[in-house]
Amino acid sequence: MDLYLNGKPITIDPQPGEMLVDMLREQLALTGTKVGCNEAECGSCTVIVDGEAVLACAYPAARAAGRNVITIEGLSPLALSPDEMIEQDELVQKSLHPIQEAFIKHGAVQCGFCIPGQIMTAYALLEHDPDPDDEAIRHALKDTLCRCAGYPSILNAVKAAGERMRTGVPIRAPEFQSSSPLEVIGNSYIRPDALDKVIGRTKFTDDLKFEHMLQARVKRAGVPHAIVKRLDIEKARQLPGVLAVLTAADIPGEKKHGLVIYDWPVLVGVGERVRTVGDALAIVAAESRAIATQALDLIEVEFEAQPVVSDPVQAYDGSSPAIHPGGNLLKHIKVRKGDIELGFAEADLVLEHEFHTGIYEHAFIEPECSIARLTPEGRMEIYVGSQIPYADRNQIARVLGWPEEKVRVIGMMIGGGFGGKEDIAGQIHAALLTERTGRPVKLLFDRHESLLVHPKRHATQIRIKMGAKRDGRLTAVESELYGDTGSYASLGEKVMTRATTHSAGPYEMPHAKADCYAMYTNNPPAGAFRGFGVTQACFAVESMMDILAERLEIDPVEIRRMNALRLGSTTNTGQELRESVGLLECIQQVQSEMESRMDGDPFKPRSSPGAEHLRRAWGFAVAYKNTGLGGGAPDKSAAEVELCPDGILEVRTSSAEIGQGLVTVLQLIVAQEFRTSPANVRVLLSDTDLTPDGGPTTASRQTYVSGNAARMAAQVLHQAISSTLAEKYDCPPQEVHFEEGLVRLNGNSLPMEEVYLEMNEEGRSPRALYEYWAPSTDPLGDGGNMHFAYSFAAQAAEVEVDTHTGEVKVLNVIVANDVGKALNPLGLQGQVEGGVVMGLGNALTEHFIVEEGRVITDRLARYRMPSIVQTPQIHSIVIEHPTQDGPYGAKGVGELSSIPTTPAITNAIYNAVGVRIDNLPVDQEEIVRQLNKFSKTAE
Amino acid sequence: MPLWKNYYLAQSIPEALTRLNEGARVIAGGTDLLLEIQQGVQPPPESLVDVCNIPELNSLEIRGKDLFIGAGVPLNHIVASQLVQENSQALVEACNLIGGPQVRNTATLGGNIAHALPAADGTIALLALDAQAESVSSEGSRITALEELFLGPRHSRIEENQELLVGFYLPLRKNSQASAFKRVMRPQGVALPILNMAVWLQRKKDRIADAHLALGPSGPTPLRARMAENVLRGEKISQTLIEKVHQVMLEEVHLRTSPYRASADYRTHLAKILLQDVLEIAWERAGKD
Ligand SMILES: Cc1cc2nc3c(=O)[nH]c(=O)nc-3n(C[C@H](O)[C@H](O)[C@H](O)COP(=O)(O)OP(=O)(O)OC[C@H]3O[C@@H](n4cnc5c(N)ncnc54)[C@H](O)[C@@H]3O)c2cc1C
Ligand code: FES
Ligand code: FES
């Protein structure tokens, strides 16, 4: 068939069953168009056909005959050839479409996976309506999902692009600045990876192609709890085009993997136990994905069903079947402070309430993908978007039975992680198949598989008992938590530890007692997810604070201010806070912003103008979150900085860029140390051969730990260069000045290229490696410093509840975050927006439903993350109480802003209509039921 | 196995019918069909015949006393059409809520009807608008009242492999007539409405002279609440009337509990809310001429 593609006529044969997106990506190697779901839900595959935005994953290629197709690669007015695009950044910059430029300048690009789809959708809109209002933009982008959720920035970018297209006025970047910026640090910079992301040039794992590459698929159990009785792979093996079918019996080394405990079978063998529906039984490598899929259907399995353990409270009951040899209790976690009985005795009021939170899914838009291949030297290379490349390497090597040095993990761009890409997904399976076949193997999860397999957020049951004096002073808190860690441990113990230690809230609490039971069940495993257990605890505690405030007739802000952690406070784990506690200021600032918008009491219900049944009110919540691993775990990161022959400073660490902006942070830090423009610094991440171990990208630790490592490495190199040059040019080292790409000394000015040569001449290596160890911490139970830093936040949310239907809309959110120091304010803005929207999803839109171990929400159509339509107005206030050992005072921010949003919303719902939400997510039916007092008939 | 082997872009009705008789399946926007094949709800067909290029299926025009909307007109064209906006507000409102813009750019009204789901938004609106469906097979063409078209969930009188929906005839709106559509969704879970409702009414002074009412899901097929319509005729809008209509409606439709979506009681409650809303909106609109 003939068609126009990006303005040029082409002739191409559509294949049977081929969608437009496959034709573009496979036949034409145009990988800028992304596949997030392959079920017409996410919008990431959006392209333009005859002027209209369509979903290329649900558009038969054959239908494009005679039509005019535009993809992200064809958007720029100077249609560049692929070579020009690769080689000439300057040309690319100049030829950007205004929408692409606006997305970059407005910081709308985070992980970047959804961005081609966003831009194409926006393009279709602006071509029809170059002056859209907010409503029109929301309407147009409704189903183009961004899990990094920089929706406000996306909206602003689309507006700015429209203006540029109409008037030709250049696009101006929004101005964000730290309160005390340094030369580089604290000013807003464009992320270095943004350019590639807006033109579709960024390579995510699925975008890679190798010659003779096979496609792999995994046979999943599909039953939650059973013993495998028979597994017959013969027919699958015989299918033409199938190169290998492997089962547990084929594993050369260690049979299990895991981040802390090796309890997760790589493949479940005959006679062994299936513990969750996503368990792998066999893996297939074939010439095509279709053949591999067909082979899965030929694999015959027989199970002996076992009783299913479906919730953590049931799992704790001694009569439940044991899922693991050691029983169902992964860990009993305890916090003890003071004398709880005494604390309750001192109270004038003691209240108790039980809360429930559901399972949640990360729903990063990029599904998991791994590619394995053997190098000619016989080493195994794994290409994967992973949050912990070195842990991947270790687990892969163990299962292969190889020394670690023979395995190289090459981190690719990650289309969103949020904690969901810390565990092994397909890395080991791909490696096993490559080892067997000798050929490169790609293992791409489809969305269905992604929903079933990777660890989720822990569902919890949290009972809180709180005591307070009449004046509002807290005297004691007792909490009991059950956490559902699902079928495998993953990071369950650590997540639930964080939930437990944060279950007294960021308050001065003389007496505290907490007991948490992290339990195995037959649900999909649970592990790290932005917030890391604190999300659940915060919901319970912050709801409790409002319940208490109401009974005591104290203002919700006042009761928090009265009890807030401050300098000199001791936490419930016995840590004395000596610095960097900005909670009071967060509370203060959010309160004044909220009150400036309101005449009366913001917590009193009002009706929406002209609609009596729409009730509005504000709700308030605070939170804190540790930075770093803590609890006595050694927390270190290594980074290397090198001056390259082209005069560019390269910084290297294995830490991962998951959209959060680490690349920018590292670039700014090195630029700051050398007083040079960030454009003179290059960042290389996530390669176990080339980059030193930065540790896991988790616990909001990378800015702090890898940031420090990069900073120290830069200082060491700085010093080495200064002393070398000082000696040679005979001047004191402190008179060697670095300035914008130059070194000045003794009246000379040397460009960095020359500095490189000088270093070489002197036989000094222009490179420094620094292994940074974060301040040591103490294990839980020992008192002392459980964490080296905490970030603090306060939020207020204004909601509107429809008393007729129970529907809840969030209108406004005011956020203040104490981040220590805003290193890159533009990036921070994106993290805050994304966090708030994720918190909103946690409260209102997301519900991962598992029944008797079976996943009901097994398609993206059934698991709904917030879209731009649900996004409220977000007002972000940055508070900077520096922490001494953080880089320039910075502490973690990645998780913080998502934590207090949920209770701020549910407290607002209570204030608006008097319905207390103690079960997440909010059920609108339950709201109407309580308001209208109708009963629920079981059918 | 590929999702299909042959893909035919039919240019005319006879061509499409030939393909159908050879065993091909009709595809319009594909936003229902392709997902069902991909997700294994339907087996992969040998051949698909794409009907979106057939001029007759793409026309949207006035024919005599009716507005004709081709079965292959994409929903976004329906939403943007002046003709439809003027004559069939309920349909505009319903179509504008289906999917997002990308889905609406390919999805069609024909697909929405032929899929025969009890709460498809376009279907519910068309029912209240008293539409007739034109279909064609090798035996010739026929006109069926929309209500008669449905046999059960995913099951209609349109004979698979034989018959093609060509389009829909909607009576043109006269003075003092108007329609409205509303639905309630649940933010979590399946993208199907908890309840949707469309009304068409004719005003005479301060009374409702005539009314059509449809809601879904209210049974195995999309349906009109005929008894409730009777109660509306000749009455003034009042709280008492709404209570009464609601009661009568509950007797003739079956509002059920769907797991993870809504209980029957919630639906019963919403039925009254929607009833009041759509009646008031349509009433207001009808008073504007
Ligand atoms: C993300 C998303 C959101 C959605 N949201 C909604 C929603 O809110 N409300 C809603 O009602 N629907 C929704 N849908 C469903 C769907 O988009 C609509 O039902 C749409 O109108 C179907 O039209 P289509 O042209 O794509 O149908 P197709 O998928 O092409 O066809 C559907 C069925 O109808 C048959 N068919 C199509 N045209 C004809 C014809 N002319 N003659 C005979 N048979 C025919 C096909 O053979 C097939 O069996 C959604 C779908 C998606 C993917
Ligand atoms: S990949 Fe097409 S909509 Fe998600
Ligand atoms: S930038 Fe949109 S999903 Fe990450």
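What you see is a predicted model, and the numbers here were worked out from it, not measured in a lab. Within each chain, residue numbers correspond to sequence positions counted from 1 in written order. The naming scheme follows written order: chains are lettered A onward, ligands numbered 1 onward. The predicted origin of the model limits local features to residues at a pLDDT of at least 70 and limits the giving and counting of side-chain atom pairs to 80 or more, whereas totals for whole chains, interfaces and linings rest on all residues. Side-chain numbers come from the whole structure's heavy atoms, not from hydrogens or water.

A word on the sheet that holds strand β20 (residues 459-468) of chain A
Residue and element names in this part refer to chain A. When DSSP finds two or more bridges between two strands, those strands count as paired. Elements are defined by DSSP. Helices are runs of H or I of four residues or more, strands are runs of E of two residues or more, and each kind is numbered from the N terminus. What the five strands build is an open sheet, ordered β14-β22-β21-β20-β15; its pairing is mixed. Edge positions in the open sheet fall to β14 (329-337) and β15 (349-357), since each of these has one partner strand only. Pairs of neighbouring strands in the sheet enclose a mean axial angle of 5°, with direction left out of account. Here β14 runs beside strand β22 (residues 511-520); their pairing, made up of eight bridges, is antiparallel. Bridged to Ile-333 within β22 is Cys-516. The strands touched by helix α16 (residues 492-501) are β14, β20, β21 (474-486) and β22; relative to β14, the strand with the most contacts, the crossing angle is about 25°. In this analysis an axis means a line fitted to C-alpha atoms, helices contributing only their contacting stretch, and an angle means the value between N-to-C directions, from 0 to 180 degrees. It only takes one pair of heavy atoms within 4.5 Å for two residues to be counted as in contact.

Structural notes on α16 of chain A
Residue pairs three or four apart in sequence face the same way in an α-helix, which turns once every 3.6 residues. Working definition: with a 1.4 Å probe on protein chains only, accessible area under 20% of the residue-type maximum means buried, over 50% means exposed, and in between means partly exposed. The element α16 of chain A is extensively covered by neighbouring structure, given that eight of its ten residues are classed as buried. Its buried side turned inward, α16 of chain A meets β14, β20, β21, β22, α17 (534-552) and β24 (611-627) of chain A.

So, the pairing of strand β4 (residues 52-55) of chain A
Regular strands have side chains that alternate between both faces of the sheet. Residue and element names in this part refer to chain A. Neither face of β4 is left uncovered, since the one carrying Glu-52 and Val-54 and the one carrying Ala-53 and Leu-55 both have all their residues buried. Of the strand pairs in this sheet, strand β3 (residues 46-49) and β4 are connected by four bridges, and their pairing is antiparallel. Pairing of Val-49 across the sheet is with Glu-52, part of β4. Counted between consecutive antiparallel strands, the loop separating β3 from β4 contains two residues, among which Asp-50 sits at a positive phi close to 45°.

Comments concerning the confidence of the model for chain B
Confidence of the predictor at the level of single residues is given by pLDDT, which spans 0 to 100. Mean pLDDT over chain B stands at 96; residues scoring 70 or higher make up 100%. Interface confidence for the predicted complex, given as ipTM, is 0.97, next to a pTM of 0.97.

Some details on the domain arrangement of chain B
Residues and elements named next belong to chain B. Annotation comment: domain bounds sourced from an automatic or database domain assignment. Domain annotation for chain B reports domain 1 (6-50), domain 2 (55-171) and domain 3 (192-286). Taken over C-alpha atoms, the centre of domain 1 sits 18 Å from the centre of domain 2. The interface is formed by 15 residues belonging to domain 1 together with 19 residues belonging to domain 2. Two parts placed together each lose some accessible area under a 1.4 Å probe, and the buried area is that loss summed for both. The contact between domain 1 and domain 2 buries some 1300 Å² in all, and 61% of this surface belongs to carbon and sulfur atoms. Salt bridges are defined by distance alone: a side-chain nitrogen of Lys or Arg within 4 Å of a carboxyl oxygen of Asp or Glu. Joining domain 1 to domain 2, the criterion identifies two salt bridges. Between Arg-25 and Glu-160 there is a salt bridge whose closest N-O contact spans 3.8 Å. Between N or O atoms, a polar contact is any pair within 3.5 Å; within protein, one atom must be a potential hydrogen donor and the other a potential acceptor, and residues adjacent in sequence are included only when both atoms are from side chains. There are three residue pairs in polar contact (both at pLDDT 80 or more) connecting domain 1 and domain 2. Element by element, the count of residues in the side of domain 1 that touches domain 2 is highest for helix α1 (residues 13-21), at five residues. Under the convention adopted here, Pro, Cys and the residues Ala, Val, Leu, Ile, Met, Phe, Trp and Tyr are nonpolar, Asp, Glu, Lys and Arg are charged, and Gly plus all remaining residues are polar. A per-class count over the side of domain 1 that touches domain 2 returns seven nonpolar, five polar and three charged.

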